[in-house]
Every structure is written in C-alpha cells, then in structure tokens.
Amino acid sequence: MIQLIPVMDIRTYPNAPALMDAAAADFVAVAAAAIAERGRCLVALSGGSTPRGMYQRLAALGPGTLDWSRVTVLWSDERSVPPDHAESNYRMAQETLLAPLQIPAAQVYRMRGEDEDIEAAARAYERTLGALTGVQPGHGVPQLDLVLLGLGADGHTASLFGDTVALDVRDRWVVRNYVAKFTTSRLTLTFPVILAAREIRVLVAGADKANTLAAVLAGDWDPDRLPAQRLAHATGRVVWLVDQAAAAPLQARADG
C-alpha cells in the first residue's frame, strides 16, 4: 500500500459549494502571492464541473479582489473541439470567469484543440510556454505559478489518461494524447510541466469520485492505471481540495 495521505495536504469541506468557495479564496491567495513575489501569476486552468463552480465564485468576487492585469491564463488540457463547442475547456472558462471579469485577450493563451494538425498545435503551445517563461523547448522545464487540476473517475488528471503514451513523456511540455476509449486525441500538459509548478490544486467533488480518490491516495501504487498518483512526485506544493462526499472512504479508512 502507498502512504500518500501523510505527505499530502488534503483539505475537506462539508459540501461542493463550500469547496468552491474555499477554492476561489485559495486561488486569490496563491495568485496574489505570486504577483507580490514575481510581478505576475502564470496559471493553467482546467475544465470540469468543479472548476466551473470555482470560476463562478471568482467572477462573483469581482475584479477588485485580485490584480487580474498581472494574471496570465493558460490551460492544463483541451479537447479536440472548436473554442465555441459545448465541451471546450476554453469556452467554459471564458463564459464563467474571463468574460465576466473582462480579462483582455492578450492575457489569455488557449490551446487550439480544433486544429487539424493537433501535433503542430502542441508544438505551438510549447513555444508559447517558452516565450512566457524564457525557457526554450529542449532546454529545461517552464515553471508555472499555479496549475489547476481535476480527478477523473478513472484516475486521470488533465488529459493524462491511464495507459496512454503521454504518461511517460519526459522531453516534451505539451503533447497530443490519443484516448482510445473516447476515440479522439486531446492536448495536454505533460507531467514534467505539471510537477514543476510552484503550486498545484486538485479539486475533487462528489460521491462518484470517492472510490477513485481513495485508490489514488490510499491504494496500491499503480500510476499507469491511476495517473493522478504521479502528483506525489511534484516539486512544488500539492493541495487536494475535496468535499465530504468524495472524502468519505478516506475518512472511513482513517477512522478504522
């Protein structure tokens, strides 16, 4: 058995709304600290229902809560759909966060999942990361200030799915990852970039994620099947923000 629980920062909240409120407050605190220390915050957003709620909370706090002019927005992954598609991670963030706060387009760098040549789109996003961080592809790894992630019911995070080729990529920052069960490719940051981030936040809500969360944090070490376990190798701080429904099996193990 692995013992990730003792070394992980796991914060539990009574329900999904409380989780989203806490996640929004944490986002502001992390971004403000990055701006104070380095003059800006490079953040990679994620898709999914739980981040949607957090983005809505951030928008509701209003533009005065954070110096959004110093926040540069990236993505951890994207589906191979146009930016106006219902399943687009970009569209979700645009509608819930960026448009309400009137974040200028010049601060927003989306992944072009709709491009016919997805491999070229991945290379282009690597160049974007290089331009923003001053680290060129093949010469190190860019360090983002904050990477937001979710947890799939199958144990994936970003678009790093179990038993896919992207899991063990070490010489790329962004790749096209073919996901057989969806018969489609996605764009995703690779683990070297994710694990190098100064701060990582994993948002997990709902009973449907409970068994997976327990397997990731307290089950057998199986990072090929449960890619989210690889977050244990992060060099920065990883915080798991979970609601009570998702955390129940973990708490039962602790109480037992």
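Residues numbered from 1 in each chain as written. Predicted model: local features only at pLDDT ≥ 70, side-chain atom pairs only at ≥ 80, totals over all residues. Heavy atoms only, no water.

## So, helix H3 (residues 89-98)
An α-helical turn contains 3.6 residues, so any two residues separated by three or four positions project in the same direction.
Line of reasoning, step 1. Among the ten residues of H3, seven are classified as buried, and the element is accordingly described as predominantly covered.
Line of reasoning, step 2. Close packing links the buried residues of H3 with strand S2 (41-45), helix H2 (49-61), strand S3 (71-75) and strand S4 (77-79).
Line of reasoning, step 3. Here H3 starts with a cap whose side-chain oxygen sits 3.2 Å from the backbone nitrogen of Tyr90, and that cap is Ser88. (Buried < 20%, exposed > 50% of the residue type's maximum accessible area, 1.4 Å probe, protein only. Helix = DSSP H or I, 4+ residues; strand = E, 2+ residues; numbered from the N terminus. Contact = heavy atoms within 4.5 Å. Polar contact = N/O pair within 3.5 Å; in protein donor to acceptor, adjacent residues only side chain to side chain.)

## Describing the layout of surface pockets
Line of reasoning, step 1. Estimates place the volume of the largest pocket at around 440 Å³.
Line of reasoning, step 2. What lines the largest pocket is a set of 28 residues, among which Gly47, Gly48, Arg79, Gly152 and His156 lie closest to the centre.
Line of reasoning, step 3. Of all the elements in the fold, those that place two or more residues in the lining of the largest pocket are H2, S4, strand S5 (146-150) and strand S8 (199-204).
Line of reasoning, step 4. Residues of the lining of the largest pocket, tallied by class, amount to ten nonpolar, eleven polar and seven charged. (1 Å grid on protein atoms, 1.4 Å probe; cavity = no way out; pocket = protein on both sides within 12 Å on 5 of 7 lines; lining within 4 Å. Points joined across faces, edges and corners; volume = space filled by probe spheres on them. Nonpolar A, V, L, I, M, F, W, Y, C, P; charged D, E, K, R; others polar.)

## So, the packing of H2 against H3
Line of reasoning, step 1. The geometry of H2 relative to H3 is characterised by a closest axis approach of 8 Å and an angle of 30° between their N-to-C directions. Judged by the inter-axis angle, H2 sits roughly parallel to H3. In this structure, H2 uses Pro51, Arg52, Tyr55, Gln56, Leu58 and Ala59 to contact H3, whose residues at the interface are Met92, Ala93, Thr96 and Leu97.
Line of reasoning, step 2. In terms of residue class, the contact of H2 with H3 is built from seven nonpolar, two polar and one charged. (Axes fitted to C-alpha atoms, helices over the stretch in contact; angles between N-to-C directions. Parallel < 35°, antiparallel > 145°, perpendicular 65-115°, else oblique.)

## Observations regarding the sheet that holds S4
The strands making up a sheet associate through hydrogen bonds between their backbones, and the pairing can be parallel or antiparallel.
Line of reasoning, step 1. Read from one edge of the open sheet, three strands run S4-S7-S6, paired in antiparallel fashion. At either end of the open sheet lies a strand with only one pairing partner, and these are S4 and strand S6 (174-179). Along the sheet, successive strands turn relative to each other by an average axial angle of 25°, direction set aside.
Line of reasoning, step 2. Relative to strand S7 (residues 184-189), S4 runs antiparallel, the two sharing three bridges. (Pairing = 2+ DSSP bridges.)

## Here's the deal with the pairing of S8
Successive residues of a regular strand alternate their side chains across the two faces of the sheet.
Line of reasoning, step 1. In terms of burial, S8 is largely enclosed, as six of its six residues are buried.
Line of reasoning, step 2. When S5 meets S8, the two strands line up parallel, connected through five bridges. Considered in S8, the bridge of Gly150 is made with Leu203.
Line of reasoning, step 3. Pairing of S8 with strand S9 (residues 237-243), which is carried by six bridges, proceeds in the parallel orientation. When the sheet's bridge partners are listed, Glu199 is paired in S9 with Arg237.
Line of reasoning, step 4. The handedness of the S8 to S9 crossover, carried by helix H6 (residues 210-218), is right-handed. (Right-handed = clockwise from strand over helix to strand, strands pointing away.)

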